[in-house]
Amino acid sequence: MDVFQLDVADDEEVVAKVAAIDVAKATGMVCTRVPHENTPGRRVTKVWQVSATTNAIMELADHLVCAGIERVVVESTSDYWRPFFYLLEARGVRVWLVNARDVKNVPGRPKTDKLDEIWLAKLNARAMRRPSFAPPVQIRPLRDSTPLRPDLTPGRAPPSPRRPPRRHPTTVTRTAVL
């Protein structure tokens, strides 16, 4: 019988300086987790809200670069992730897009925006989420200008919308009057 011994440090962080962004329509909730300056093994967590404007996202990118953030995880349920992802990536930040369904559906976890961001940053530090597909820079214009699904049946007539049954405007029906 072969016995293998593995030395595992449970508290070891995969990525030391990480950030997480939960993107909404007009804002993004940002969380950074970096090592404490004086106490080894401790982490400093900061959570704040950022507007989804170009200037605010560029200021955020500058802040993340100055802080030495190694990887940013962006989580969004719609196309609202695009400005954050594209602008942070253009600034040189390593960005991962993750699926909100994989992050949020954990039983027993509190569901507030701030706690969600801290949770997402912890998952990011330990590389416990895999990135979703984000199109490379070379094919983004093509992907943005084409529809998501081609029309598979070009010869067929479009389905007619289902009409609700016609209601009489009064409570008296014609058969009751005649």
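Participant: Even after reading the chapter, I still don't get the overall build of the chain, so can you show me in this structure?
Facilitator: A tally of helices and strands in the chain yields six helices and five strands. Taking all 178 residues of the chain together, 28% fall into the buried category. Of the contacts made within the chain by residues no fewer than 6 positions apart, 59% connect residues no fewer than 24 positions apart. About 13200 Å² of surface is accessible on the chain, with carbon and sulfur atoms providing 55% of the total.

Participant: Sorry if this is basic, but what is going on with the packing of helix H1 (residues 54-67) against helix H2 (residues 81-90) here?
Facilitator: Angle between the axes and distance between the axes are the two parameters that describe a pair of packed helices. With their axes 9 Å apart at the nearest point, H1 and H2 run at an angle of 45° to one another. The angle between H1 and H2 falls in the class oblique. The handedness of the crossing between H1 and H2 comes out as right-handed. When H1 is examined against H2, the residues Thr54, Ile57, Met58, Leu60, Ala61 and Leu64 are found in contact with a partner set consisting of Pro83, Phe84, Leu87 and Leu88. Tallied by class, residues from the contact of H1 with H2 come to nine nonpolar, one polar and no charged.

Participant: Would you take a moment to explain the side chain of Thr32 for this structure?
Facilitator: Structurally, Thr32 is set in strand S2 (residues 27-35). Given a relative accessible area of 6%, Thr32 falls into the buried group. Contact partners of Thr32, with chain neighbours within four places excluded, come to Val18, Ala19, Val44, Thr45, Lys46, Trp48, Leu64 and Ile69.

Participant: Help me out: how do you make sense of the packing of aromatic side chains in this one?
Facilitator: Remark: the centre distance and the inter-plane angle together describe each pair of aromatic rings, the angle taken between the planes. Under the counting rule described, the total for this entry stands at three aromatic pairs. Geometrically, the ring pair formed by Trp81 and Phe85 is edge-to-face, given 5.5 Å between the ring centres and 90° between the ring planes. Of the two residues, Trp81 and Phe85 both sit in helix H2, four residues apart, roughly one turn of that helix. The exposure classification of Trp81 matches that of Phe85, with both residues buried. Look at Trp81 and Tyr86: their rings are 5.9 Å apart centre to centre, the planes differ by 75°, and that puts the pair in the edge-to-face class. In this structure, Trp81 and Tyr86 share a single accessibility class: buried. An aromatic cluster is defined as three or more aromatic residues linked by ring pairs; in this entry it consists of Trp81, Phe85 and Tyr86.

Conventions and cut-offs
- Residues numbered from 1 in each chain as written.
- Predicted model: local features only at pLDDT ≥ 70, side-chain atom pairs only at ≥ 80, totals over all residues.
- Heavy atoms only, no water.
- Helix = DSSP H or I, 4+ residues; strand = E, 2+ residues; numbered from the N terminus.
- Buried < 20%, exposed > 50% of the residue type's maximum accessible area, 1.4 Å probe, protein only.
- Contact = heavy atoms within 4.5 Å.
- Areas by Shrake-Rupley, 256 points an atom, 1.4 Å probe, with all protein chains shown as cover.
- Axes fitted to C-alpha atoms, helices over the stretch in contact; angles between N-to-C directions.
- Parallel < 35°, antiparallel > 145°, perpendicular 65-115°, else oblique.
- Left-handed = near helix turned anticlockwise from the far one by under 90°.
- Nonpolar A, V, L, I, M, F, W, Y, C, P; charged D, E, K, R; others polar.
- Phe/Tyr/Trp six-rings, centres within 6.5 Å; stacked < 30°, edge-to-face > 60°.

Note that all results are geometric; they support no functional claim without further evidence.
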